[in-house]
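The residues making up each chain are set out below.
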Amino acid sequence: MSHIPTPHIEAKAGDFAKTVLMPGDPLRSKHIAETFLEDAVLVNNVRGVNGYTGTWKGKRVSVMASGMGMPAIGIYSYELFHFYDVENIIRIGTAGAMSQELKIRDIVLGMGACTDSDYAKQFQLPGTFAPIASYELLEKAVNALKAKGNVNYKVGNLYSSDVFYNDNARTTELWQKMGVLAVEMEAAALYMNAARCGKNALAICTVSDNLVTGEKTTSAERQSSFSDMVRIALEIA
Ligand code: HPA
């Protein structure tokens, strides 16, 4: 394909598997490749955005970082879907809980993603688009979590925000009132790109902090709950 390599990915055609796991942090991508994948090969390192392809239980799977925020995941997911023929992107990230029922280390599966971003404007729709996960991936994730049995999880709405340090103190309370479970910064753009490209996406997030109760994870807790989430994502890949 003439657009390969892309401005942000130096991999060759066919270097990526059909399913790409996508953490925000490039070091997490490296860690997943080294810890979970067999025969992992580095296929991208533009801007230090580590991308690897290897196998897990015999299945070919890739992992590449998205960076933080919707502009970043918008670029990487579009290039993977559109130019590298990737079919499924599973975001594995952290989120801040807005629901009192969520404890740190719980998992949130983003069935939908509300947003304060203008990302959807480019589609010039005569209304408001509702970014949703792939039902197929979501169902597989739920089944994998049920089979695992020992992880608390909720399925529902995420809030994908452009702002980490929000000046508006009421933001959490207002989204919470609408039943939104947790805030992160990528899912909505990922879901919109999947819709635009006719592909599949799911965001799986572990709760790193609770914005209502103030509870926070230690880095050791983040690491172990992160591993649970990676196993779920690999299971459905
Ligand atoms: N805001 C946005 N993204 C996040 C947060 C948060 O509080 N916690 C983890 N990811």
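Here the structure is shown first, and the text comes after it.
As the structure is a prediction and not an experimental result, all values here were calculated from the model.

Peer 1: Explain the nonpolar core residue by residue, including any values.
Peer 2: By size, the foremost hydrophobic cluster in this structure holds 71 residues, and its most contacted members are Phe16, Leu80, Ile92 and Ile204. At eight residues, the largest contribution of residues to this core is made by helix H5 (residues 187–197). Excluding residues that lie within four positions of it along the chain, Ile92 makes contacts with Leu21, Met22, Pro23, Gly24, Ile32, Ile204, Phe226, Met229, Val230 and Ala233. Counting five residues, the second largest nonpolar core, distinct from the first, contains Cys114, Tyr159, Val180 and Val183.

Peer 1: Tell me about the site of the ligand, and name the residues and values.
Peer 2: Around the ligand, the neighbouring residues are Thr94, Ala95, Gly96, Phe164, Val183, Glu184, Met185, Ser208, Asp209 and Leu211. Between the ligand and Gly96 there is a distance of 3.3 Å, counted from a nitrogen atom to a backbone nitrogen or oxygen. Between the ligand and Asp209, the relevant distance is 3.1 Å, taken from a nitrogen atom to a side-chain nitrogen or oxygen of the residue. Burial of the ligand by the surrounding chains reaches 87%, relative to a free accessible area of 260 Å². With respect to the pocket detection grid, the ligand is positioned in the largest pocket. Element by element, the count of residues in the shell around the ligand is highest for strand E5 (residues 88–97), at three residues.

Peer 1: How would you sum up the packing of aromatic side chains? Please name residues and give values.
Peer 2: Applying the stated criterion to the full structure yields four aromatic pairs. Both rings, one in Phe16 and one in Tyr84, keep their centres 5.2 Å apart while their planes meet at 75 degrees; by these two values the pair is edge-to-face. Within this pair, whereas Phe16 is found in the segment before strand E1 (19–22), its partner Tyr84 is found in the loop between helix H2 (70–83) and E5, the two being separated by 68 residues in sequence. Using a relative accessible area of 5% as the deciding quantity, one classes Phe16 as buried. Seen in terms of ring centroids, Tyr78 and Phe83 are 6.0 Å apart; in terms of plane orientation they differ by 80 degrees. Their pairing is edge-to-face. Look at Phe83 and you get buried, because its relative accessible area is 13%. Positioned above the aromatic ring of Phe226, the side-chain terminus of Arg28 is 4.2 Å from the ring centre.

Peer 1: Can you explain the layout of surface pockets? Please cite residues and give values.
Peer 2: There is about 970 Å³ of room inside the largest pocket. If you go around the largest pocket, you meet 38 residues; those closest to its centre are Gly96, Phe164, Val183, Met185 and Asp209. No other element matches the six residues that E5 contributes to the lining of the largest pocket. Estimates place the volume of the second largest pocket at around 180 Å³. The greatest single-element share of the lining of the second largest pocket, amounting to three residues, is contributed by strand E6 (residues 107–115). Class assignment of the residues belonging to the lining of the second largest pocket gives a composition of seven nonpolar, four polar and two charged.

Reading the values: the criteria
Counting from 1, residues in each chain are numbered in the order their sequence is written. In view of the model being predicted, local features appear only for residues whose pLDDT reaches at least 70, and side-chain atom pairs are presented and counted only at 80 or more, with totals across whole chains, interfaces and linings using the full set of residues. Side-chain measures here rest on the full set of heavy atoms in the structure, leaving out hydrogens and waters. Among the buried residues, those of types Ala, Val, Leu, Ile, Met, Phe, Trp, Tyr and Cys that are joined through side-chain atoms within 4.5 Å form a nonpolar core. Throughout this description, buried means an accessible area under 20% of the type-specific maximum (1.4 Å probe, protein chains only), exposed means over 50%, and partly exposed covers the range between. Under the scheme used here, helices are H or I runs from DSSP no shorter than 4 residues and strands are E runs no shorter than 2 residues, and both carry numbers assigned from the N terminus. Note on definitions: a residue-residue contact is assigned when non-hydrogen atoms from the two residues lie within 4.5 Å. Only heavy atoms are used to decide nearness, and a residue is near a molecule or strand if one of them lies within 4 Å of it. Pairs of N or O atoms within 3.5 Å make up the polar contacts considered here, provided that, within protein, one atom can donate a hydrogen while the other can accept it, and that residues adjacent in sequence are counted only when both atoms are side-chain atoms. Computed with the Shrake-Rupley method and a 1.4 Å probe, the accessible areas treat only the protein chains shown as cover for residues. With a 1 Å grid laid over protein atoms only, a set of points is called a cavity when a 1.4 Å probe fits there but cannot get out and a pocket when it is open yet has protein on both sides within 12 Å along at least five of seven lines; lining residues have an atom within 4 Å of a point. Each molecule is checked against the cavity or pocket grid, and it sits inside if more than half of its atoms lie within 2 Å of the grid points. Two aromatic rings, drawn from Phe, Tyr or Trp (for Trp, its six-membered ring), form a pair once their centres lie within 6.5 Å of each other, and the interplanar angle then sorts them: stacked below 30 degrees, edge-to-face above 60, tilted otherwise. Cation placement over rings: the criterion is NZ of Lys or CZ of Arg within 6 Å of the ring centroid and within 35° of the ring normal. Grid points are joined across faces, edges and corners, and a volume is the space filled by probe spheres set on the points. Side-chain classes are defined by residue name, with Ala, Val, Leu, Ile, Met, Phe, Trp, Tyr, Cys and Pro counting as nonpolar, Asp, Glu, Lys and Arg as charged, and the others, Gly among them, as polar.

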